[in-house]
Amino acid sequence: MSAADMKAADPPVPAPPRPENNDIPRAAAGRAPSRRVGAYLPYALIAPTVVAIAAVFVWPLIKTVIMSFQDVGRRELWTGQAAEWVGFEQFTNILGDGEFWDVVWRTVLFMVACVVVTMGIGLLLAQAMQRMSVGIRLALTAALVAAWAMPLLVATSIFRWFADSDYGVVNMVLTKYLGLDFRGHNWWIDPKQGFLIIAAVVIWGAVPFVAITLYAALTQVPKELEEAAALDGANAVGVFRYVTWPVIKPVFQMVATLSVIWDFNVFGQVFLMRGNKPEPEYNLLGIYSFEKAFESNSFSQGAAIALITVLLLSGVAVYYLRQLLKIGEVE
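I will try to describe carefully the structure that is included in this document. Just so it is clear, the model here is predicted, and its values are computed rather than measured.

Digging into the overall build of the protein chain
So, step 1. Check the secondary structure of the protein chain and you find 14 helices and two strands.
So, step 2. The proportion of buried residues among the 331 residues of the protein chain is 32%.
So, step 3. Contacts spanning at least 24 positions in sequence make up 65% of the contacts within the protein chain whose residues lie at least 6 apart.
So, step 4. Accessible surface, the protein chain: about 21000 Å² in total, of which carbon and sulfur atoms supply 67%.

Thoughts on a nonpolar patch on the surface
So, step 1. Taken together, the side chains of Ile 53, Val 56, Phe 57, Val 58, Trp 59, Ile 62, Ile 66 and Trp 85 make up a nonpolar region of the molecular surface, amounting to roughly 820 Å² of accessible area.
So, step 2. Tallying contributions element by element places helix H2 (residues 23–68) first for the nonpolar patch, with seven residues.

A few points about the pattern of salt bridges
So, step 1. Under the counting rule described, the total for this entry stands at two salt bridges.
So, step 2. For the salt bridge of Asp 181 with Arg 183, the shortest nitrogen-to-oxygen distance reads 3.3 Å.
So, step 3. Take Asp 181: its relative accessible area is 60%, and that puts it in the exposed class.
So, step 4. Its relative accessible area of 68% is what places Arg 183 among the exposed residues.
So, step 5. For Arg 274, the salt bridge is made with Glu 279, and the minimal N-O distance between the two is 2.8 Å.
So, step 6. For Arg 274, a relative accessible area of 17% corresponds to the buried category.
So, step 7. Among the residues examined, Glu 279 registers a relative accessible area of 27% and is labelled partly exposed.

Some points on the environment of Gln 193
So, step 1. Secondary-structure assignment places Gln 193 in helix H9 (residues 191–218).
So, step 2. Judged by relative accessible area, which is 23%, Gln 193 ranks as partly exposed.

Remarks on the side chain of Ser 68
So, step 1. With respect to the element layout, Ser 68 can be found in helix H2.
So, step 2. A distance of 2.6 Å separates the side chain of Ser 68 from the backbone oxygen of Val 65, its partner in a polar contact.
So, step 3. Beyond its immediate sequence surroundings of up to four residues, Ser 68 is in contact with Gly 87, Gln 90, Phe 91, Ser 300, Ala 303, Ala 304 and Leu 307.

Observations regarding the nonpolar core
So, step 1. With 39 residues, the main nonpolar core has Phe 100, Met 119, Leu 214 and Leu 285 as its most contacted residues.
So, step 2. Contributing elements (two or more residues each) for this core: helix H4 (89–95), helix H5 (98–130), H9, helix H11 (236–264), helix H13 (285–295) and helix H14 (299–330).
So, step 3. At ten residues, the largest contribution of residues to this core is made by H11.
So, step 4. In this view, Met 119 contacts Val 210, Leu 214, Phe 252, Val 255, Ala 256 and Ser 259; residues no more than four positions away in its chain are not counted.
So, step 5. Membership of the second largest hydrophobic core comes to 21 residues, among which are Phe 110, Phe 182, Phe 195 and Met 273.

Observations regarding the packing of aromatic side chains
So, step 1. A full pass over the atoms with the stated rule returns 21 aromatic pairs.
So, step 2. Arranged with centres 5.2 Å apart and planes meeting at 85 degrees, the rings of Phe 69 and Phe 88 form a pair that is edge-to-face. Separated by 19 residues along the polypeptide, Phe 69 in the loop between H2 and strand S1 (70–71) and Phe 88 in the loop between strand S2 (84–85) and H4 bring together distant segments of the chain.
So, step 3. You can call Phe 69 partly exposed: its relative accessible area is 22%.
So, step 4. Seen from their ring centres, Phe 100 and Trp 101 are 5.2 Å apart, and the 70 degrees between their planes marks the pair as edge-to-face.
So, step 5. Aromatic ring contacts, followed pair by pair, group Phe 267, Phe 271, Phe 290, Phe 294 and Phe 299 into a single cluster.
So, step 6. Taking NZ or CZ as reference, Arg 274 lies 5.4 Å from the ring centre of Tyr 282, over its face.

Things to note about helix H7 (residues 152–162)
An α-helical turn contains 3.6 residues, so a residue and the one three or four places further along point in the same direction.
So, step 1. Those residues of H7 lying buried are Ala 155, Thr 156 and Phe 159. End-on, the buried residues of H7 take up no more than an arc of 95 degrees, which puts them together on one face.

With respect to unusual backbone geometry
So, step 1. Positioned with a positive phi, Asn 276 is a non-glycine residue whose angle comes to about 65 degrees.
So, step 2. Along the chain, Asn 276 falls in the loop between helix H12 (268–273) and H13.

Here we look at H9
So, step 1. Over its 28 residues, H9 runs 38 Å from end to end, which matches the ideal 40 Å to within 8%, given 1.5 Å per residue.
So, step 2. At Ala 206, H9 shows its largest kink, close to 35 degrees, and the proline Pro 208 lies no more than four residues downstream.

Quick notes on the environment of Trp 101
So, step 1. Here Trp 101 is to be found in helix H5.
So, step 2. Taking the relative accessible area as the measure of exposure, Trp 101 reaches 39% and is therefore partly exposed.

About the thresholds
- Residues numbered from 1 in each chain as written.
- Predicted model: local features only at pLDDT ≥ 70, side-chain atom pairs only at ≥ 80, totals over all residues.
- Heavy atoms only, no water.
- Helix = DSSP H or I, 4+ residues; strand = E, 2+ residues; numbered from the N terminus.
- Buried < 20%, exposed > 50% of the residue type's maximum accessible area, 1.4 Å probe, protein only.
- Contact = heavy atoms within 4.5 Å.
- Areas by Shrake-Rupley, 256 points an atom, 1.4 Å probe, with all protein chains shown as cover.
- Patch = residues over 30% accessible without salt bridge, like charges linked within 9 Å, V, L, I, M, F, W, Y side chains within 5 Å.
- Salt bridge = Lys/Arg side-chain N within 4 Å of Asp/Glu carboxyl O.
- Polar contact = N/O pair within 3.5 Å; in protein donor to acceptor, adjacent residues only side chain to side chain.
- Core = buried A, V, L, I, M, F, W, Y, C linked by side-chain atoms within 4.5 Å.
- Phe/Tyr/Trp six-rings, centres within 6.5 Å; stacked < 30°, edge-to-face > 60°.
- Lys NZ or Arg CZ within 6 Å of the ring centre and 35° of its normal.
- Arc of directions from axis to C-beta.
- Expected span 1.5 Å × (residues − 1).
- Bend = angle between axes of the 7 residues up to and from the residue.

Written as structure tokens, this is what we have:
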């Protein structure tokens, strides 16, 4: 028998059974619910966070906007009586008040001074941390974290003692070691000198975050690029300008933007340093809004000032978000 005859004599191999048409929809129907649950699971997980943010931030902001267009006084607040709608009257009164613009310029100048000094000291500390030994760097980092974690009430109490007219450390150092006559000097009579003490508290609390963040950014600078620039004849300033700065610039801008937002909204440092009742010369926007709302019992004016502050900072917030998006695109 030839090979062709043997091949012809073999029985045909049966084809595998095909699933019936009614089995396919049944299997797909069994998988569909699990897929739908998986699609909605991320939204279910973030739902508590969204609710918390809405309760803590969104709803108070909505109430602030509503109050700024009403005339809410002590009677409406205590009795729940419906407040009268006055439209843009609160904003007109505030924007037409010269005292408000004095407070705005004072707030801007205070913020700029604090941000510039904070970023400068933070950058110098970050660069110094690169050149320290591991043990010293860890000790400095622990000290910075401790200063950052210090409660505001404690920090302001310490700085009030530093600037005390009778027992203050500042007057003692200036008189005893620098030969200046600062015995019994009151730093709070002149608002310019008083703001120096308040700015010191703000900078004290802000420098640790800036220094640690910029040090983390400096660790991402390739060492071989710095060494190559130095071998090509660049000095320390040139290496920083052309090699280090382009790498840390996005982080520096992001931290500086955050500092602008934080220092523009300074409240507790001024409020506590002046014994819970700041003089008019020490009013910043946060203090001014608080006094209009609770000292003058004009809650709508306080809400309007707070809303104007939000609008003034909205451009800075948009810039901050753009920096975050740019950093995300680079990564």
